[in-house]
Each structure stands twice: as C-alpha cells, then as structure tokens.
Amino acid sequence: NGNVINAGGAGGGLRNELDEADIPPTAAKARPKDLGRLSSEKKPRKKAAIPLKPKAQDDTRQVIDPPVNFEESLGEMGKPVTLPNVISDEMKKAVDDGWTNNAFNQYVSDLISVHRTLPDPRDAWCKDTARYLSNLPATDIIICFHNEAWTVLLRTVHSVLDRSPEHLIGKIILVDDYSNMPHLKKQLEDYFAAYPKVQIVRGQKREGLIRARLLGASYAKSPVLTYLDSHCECTEGWLEPLLDRIARNSTTVVCPVIDVINDDTLEYHYRDSSGVNVGGFDWSLQFSWHAVPEREKKRHNSTAEPVYSPTMAGGLFSIDREFFNHLGTYDSGFDIWGGENLELSFKTWMCGGTLEIVPCSHVGHIFRKRSPYKWRSGVNVLRKNSVRLAEVWLDDYAQYYYYRIGNEKGDFGDVSDRKKLREDLQCKSFKWYLDNIYPELFIPGDAVAQGEIRNLGYGGRTCLDSPTGKKHQKKAVGLYPCHRQGGNQYWMLSKTGEIRRDDFCLDYAGKDVVLYSCHGGKGNQFWTYRENTKQLHHGTSGKCLAINEAKDKVLMEECGSSLTRQEWVLEGYDS
Ligand code: UD2
Ligand code: MN
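In this text, all values refer to a predicted model and were calculated from it rather than measured experimentally.

Remarks on the coordination of the manganese ion (ligand 2)
(1) Moving on: Note on the manganese ion (ligand 2): its protein donors are Asp 229 (OD), His 231 (NE2) and His 365 (NE2). The metal-donor distances range over 2.2 Å.
(2) Moving on: Donor residues for the manganese ion (ligand 2) sit on one chain with the sequence pattern D-x1-H-x133-H. Residue Asp 229 is located in the loop between β6 (224-228) and β7 (232-234), and its partner His 365 is located in strand β14 (residues 354-366); the two are separated by 136 residues in the primary sequence. Like His 365, Asp 229 is buried.

Here we look at the packing of helix α10 (residues 381-393) against helix α12 (residues 416-424)
(1) Moving on: Across the interface, α10 lies against α12 with an axial gap of 9 Å and an inter-helix angle of 35°. Crossing of α10 over α12 shows right-handed handedness. In contact with Arg 388, Glu 391, Val 392 and Trp 393 of α10, α12 contributes Arg 418, Lys 419 and Arg 422.
(2) Moving on: Taken together, the residues that form the contact of α10 with α12 break down as two nonpolar, no polar and five charged.

Things to note about the packing of aromatic side chains
(1) Moving on: On inspection of all chains with the given rule, the structure shows 24 aromatic pairs.
(2) Moving on: With a centroid separation of 5.8 Å and an interplanar angle of 65°, the aromatic rings of Phe 192 and Tyr 195 are classed as edge-to-face.
(3) Moving on: Given the relative accessible area of 3%, Phe 192 is considered buried.
(4) Moving on: Under the relative-accessibility criterion, Tyr 195 is labelled partly exposed at 26%.
(5) Moving on: Here the aromatic cluster, defined as three or more aromatic residues joined through ring pairs, consists of Phe 281, Trp 283, Phe 346, Tyr 397, Tyr 400, Phe 430, Tyr 433 and Tyr 438.

Here's the deal with α10
(1) Moving on: Under the 1.5 Å per step criterion, the end-to-end length of α10 is 18 Å for 13 residues, consistent within 8% with the ideal 18 Å.
(2) Moving on: Of all the residues in α10, the buried ones are Val 381, Leu 382, Asn 385, Ser 386, Val 387, Arg 388, Leu 389, Ala 390, Val 392 and Trp 393.
(3) Moving on: Next to the buried residues of α10 lie α5 (209-218), α9 (340-350), α11 (398-404), α12 and α13 (430-436).
(4) Moving on: Backbone geometry just downstream of α10 places Asp 395 in the positive-phi region, at approximately 50°.

Some details on the site of ligand 1
(1) Moving on: Of all residues adjacent to ligand 1, which total 23 residues, the nearest are Asp 177, Arg 206, Gly 338, Glu 340 and Tyr 373.
(2) Moving on: Note that an oxygen atom of ligand 1 is positioned 2.8 Å from one of the side-chain N or O atoms of Arg 213.
(3) Moving on: Ser 230 is positioned such that a nitrogen or oxygen atom in its side chain is 2.7 Å from an oxygen atom of ligand 1.
(4) Moving on: Contact with the protein chains removes 98% of the 730 Å² of surface that ligand 1 exposes when unbound.
(5) Moving on: Listing elements by their share of the shell around ligand 1, those giving two or more residues are β3 (139-145) and α5.

Brief notes about the nonpolar core
(1) Moving on: If you look at the biggest cluster of nonpolar residues, it comprises 106 residues, and the most contacted ones within it are Leu 228, Phe 281, Phe 346, Phe 430 and Tyr 433.
(2) Moving on: The biggest single contributor to this core is α10, with seven residues.
(3) Moving on: Discounting residues that sit within four places of it in the chain, Phe 430 has contacts with Phe 281, Trp 283, Phe 346, Met 350, Trp 393, Leu 394, Asp 395, Tyr 397 and Arg 422.
(4) Moving on: Counting 23 residues, the second largest nonpolar core, distinct from the first, contains Ala 449, Val 477, Leu 536 and Val 554.

Conventions used here
Residues numbered from 1 in each chain as written. Chains lettered and ligands numbered in written order. Predicted model: local features only at pLDDT ≥ 70, side-chain atom pairs only at ≥ 80, totals over all residues. Heavy atoms only, no water. Donors = N, O, S within 2.8 Å, 3.2 Å for Na, K, Ca; no water. Helix = DSSP H or I, 4+ residues; strand = E, 2+ residues; numbered from the N terminus. Buried < 20%, exposed > 50% of the residue type's maximum accessible area, 1.4 Å probe, protein only. Axes fitted to C-alpha atoms, helices over the stretch in contact; angles between N-to-C directions. Left-handed = near helix turned anticlockwise from the far one by under 90°. Contact = heavy atoms within 4.5 Å. Nonpolar A, V, L, I, M, F, W, Y, C, P; charged D, E, K, R; others polar. Phe/Tyr/Trp six-rings, centres within 6.5 Å; stacked < 30°, edge-to-face > 60°. Expected span 1.5 Å × (residues − 1). Near = heavy atom within 4 Å. Polar contact = N/O pair within 3.5 Å; in protein donor to acceptor, adjacent residues only side chain to side chain. Areas by Shrake-Rupley, 256 points an atom, 1.4 Å probe, with all protein chains shown as cover. Core = buried A, V, L, I, M, F, W, Y, C linked by side-chain atoms within 4.5 Å.

Take a look at the structure:
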C-alpha cells in the first residue's frame, strides 16, 4: 500500500502545529446512546443530537441539527458513516476543523461509539483454537501518540481491552509524545483512572515516534511488546495468533494484517487471506506492499498461515521483549517519523530472526493522505533517518539509495554505536538478505544501463521524464529538458529488456507509452536497444520509440532509418 508512507512523509511542506486556541473542542467521549441526555439545543431535535461543543467533561452541550438519518448505531459493525450533503455552517466548520487537525474525519469519529462493534475479518481456518498454544505469554501494548483525536485514541484502547483475553494483556502504555491538544491533558488521566491496566507516560519534550516507542518500552514488564498506532481498531481474535508465533519461537517478529479504516467514513474494510500482502521497499528506501510471492506461497497449505515478509509497515507488530533488546531496539538517533520500520526489518532478518505477517490477526488503521503534525524545521528528517539506516545496514548497496538522493547525505550524526551493534551481533550481509529474503527486488547494478535516456532529435536535449508510483500508473510517460539530477529522469534498462524505475516499467499496448507495474512477462514491456541505430525497439508492436517535434510527447512509430527523433542515448549503456 502506497497508503502507509504518505509522500508527506518526505519531510518538508507539512502543516504547522496549531496553537491550543486553534484546536477544536474536545470530541465527545460519550457513546452515542448517551447523546440523548444532551440538553440546551437551540432548535427542536429530530431524533438524537450530534455533539458539537462539549463544554466540560460531563456536560451540557451545544447541539445542532442532526443529520436526518442519524442513528445511535452509527458506524456499528464497521459500517461507513456519511454526513448529509446539506449541513449547517456551524457543523461544516466543525467537520472542516476535524480534517485540518487530524487529516481524517474527526467529526464522524465523534459520532461513533468508542466501543463500536466490528465485523470478524478472519478466515474460518483461524477460528480453530487448537491452532494456538494454550499457554501464551502476556504482552504489554504500547501506543504512542502526538495530538491524537480523543474518540480515535479511546477507540484504539477500548478495542484492545474489549477484544483481547484479559490475562494476555499486562499493561496498556500510552506514551504522550508532547501533545498540546487540551483533551490529552488531565482529562486523559481522569478517563483512564477507571482502567487499571492503562498507564499514561508523558514525554518531557517532543521526541518523535521512535524515541517515544523506546520510552514506552522502558515501562514494559510483560515478556512480549506489542506496538500499535493511536488510530487503530483491533478485531476479534487479533492477539492470540500473534502471541502464538512468539511463544513457539521468540525470534519471530509478527505483524497483523492491517485493514483500512476509511479516513472519511470510518468504514472498516478487510479482505480474506487470499488478499494478504507482504512488505518490501525500493531504492529510495520507501516501504511498499506486494502480493505474496510464489516461492512463499509454495511453503503453505493455506493462505491463512503466517507468511514471511521482507519488511514491516512499522506501526503494528509484536516482538519478544528480550529479542527486541538483543537487537538493540531502535536506533535512537532516528527523529520524528520514518525509516525505523526498515531498520527493524533488516536487522530482524540479518541478525537471526524472522519477520512474518499473520493473516489470522487483523487490526484496522486509519491511513491518512498527509501528516497532520509538525516535523522539525530545517532538517530533512526522513532523509536523515534513511541515511543512518543505509550507513549501518546496506553495505555497498547504500550507493543505490545515495544515487537517488543526488548523493546529498546531509548531517546524519554518529552511527558508530550502531555499526558496533551489527558487528557484535555478527549479523549477516545485506547481500544475504537480498538474495534470500527479498530476491524480487530489482538491483540497479544488474541493469545494462542506468541514468538518463536522452533523445537526439530536435537539438538533442530532451529526456524521458516521469514520476513513478501507484498514482502515476497508466499515465503517458513524459519528456523534459535533460537535467542530470536523477530523480524523475533516472531509468534502468534491465537485462530482460525492461525500461524501469522501482516497480514500474515502460509499457506500450497500442495507445500511449505508459508506466505500469512490471510484470516480468516481456510482451508490452519488452524493449531492445540497438546500439548501431540508437533505436529503442518495442517487442510486441515492432515499433520504435520517438518524440514529436514539439518535444512534449512520446510517440511510437514505424522504425525508419536515420530518423534522429528515433535515436536515443542510454546513460551508462554497457551490453
Ligand atoms: C507508518 C506506520 C507508523 C510508523 C511510520 C514510519 C503503520 C500503520 N504506520 O506511518 O507506525 O512506523 O510509518 O515511521 O504501519 N507519533 C508520535 N510522535 C511523532 C509522530 C507520530 O508519537 O512525532 C505517533 C502518531 O500519533 C501515531 C504513530 O506515531 O500513533 C505513527 O504516526 P503516523 O500515524 O503519522 O504514521 P503512519 O501511519 O503514516
Ligand atoms: Mn498511523
């Protein structure tokens, strides 16, 4: 899922943090059925009222016209909640503020019970309790948050308490990473005072999620640690299949399937185990999702069995506490967000563990399209984290990442401790990891050309230029004056005749030349470079790649002789 790593993660351009005064009123903590107690509405109420501005905790509220179809059972069974098209200005403002502050529809969340019911997303295979050891270790649950919405945070915690066997939960450790939203202050302690398993830990300054997770771990006592984001919902039976794997082998690190909670309607969306994905990454060190590879499918009788995953998404996993310590936990030099998931994934595999996705365990997560909170200014946080990761774990393969960032490593601090850790643990090489754990990853060094693809026609300064990624898929590939900075002009010609970047290949099916997920089947993605004529010849059509006179469109035309617009120079070409 491109979903997880929103490009907002790429550092800059994120919204500023709000002043407390700008933060909207605390969300309703009442369950919908409690809403009937509300008073002081200005207009007659139709059925039940929607909380707009709870003044105090237990309180009188100002209310507004409820949506016509408002029911107390909103969102139950994970059903979507949609607001009416026509709403009052006041309500519209509340909805907009919710989006601004959270990058999801907080208003809708506030309409839904913090104990809402969910569908059971498990395959029948999973429900046979004999599959799980009876004597499972207990886990502490660590949930870090920075300015999380009230109902969303509460629903996360209640979904754990309501759907986990009591004896398997030690503590639920809520780590406040220096939030300034008013509802996350004393009100939080007051609310959870009634729940002895819940412990609230406050950071003394903004640490970012990685050091916040380490702070949480320092309070943990149970044999297993389970991390969750602060906007999750655990489903029936989510915990036992995770703990079972660790009980059998303490070096197994496990992730649930991450279902999508819609950011707008809060609908809970899941698929059966045939739709399970595993984690990968590309050479810009971005996490990506992939179908379970054939080699892995062959190891299993049922798609519900745990599958090996080269990487994890990062937010939701369980790990044996001692094994986590043995691996040197996280690199505490990582700031705010990003890269820690790959660090933990690489060292799990390289230093003697295994990483699995457990299809019988489902946890929902609200995927956001942007990051709502403030990052550090003046530092490219994600790049710094990724460079630390590359320095310590990638060996010579680090150069492929550095190429993608224009070799601008920046100040990444001191990594000598982390290198020593790797040595002390006698971890395997990154080459071993790629060969054995992630053989699907395309290695730039295996390409016959890498760099720009320059056309010689009309002045000879035009290059193939396109962003790649799921949202650019199927769009016509573009042209732009050559700039020699890699980025969108970085291409590889593979030995098997693909023109590609990461998982996307140049593809021609008779209309435009587009970028499409590489399928490895040659056909429409098969190109041959003819060094003598400089033509790029297309497999199935027999045509040649060219540009138009305006230099703004890629064409496919009959291969002619000495047509410079059909002539290309591939950087670093070496047959
Ligand atoms: C994904 C992961 C997230 C983390 C991240 C990479 C999932 C579902 N989510 O991004 O867990 O691995 O990739 O780093 O796999 N937070 C803080 N302090 C901060 C920033 C964030 O405590 O300075 C909290 C935040 O409230 C949330 C968690 O950390 O609970 C993850 O942040 P996110 O939800 O913005 O990250 P996400 O899901 O886009
Ligand atoms: Mn998240």
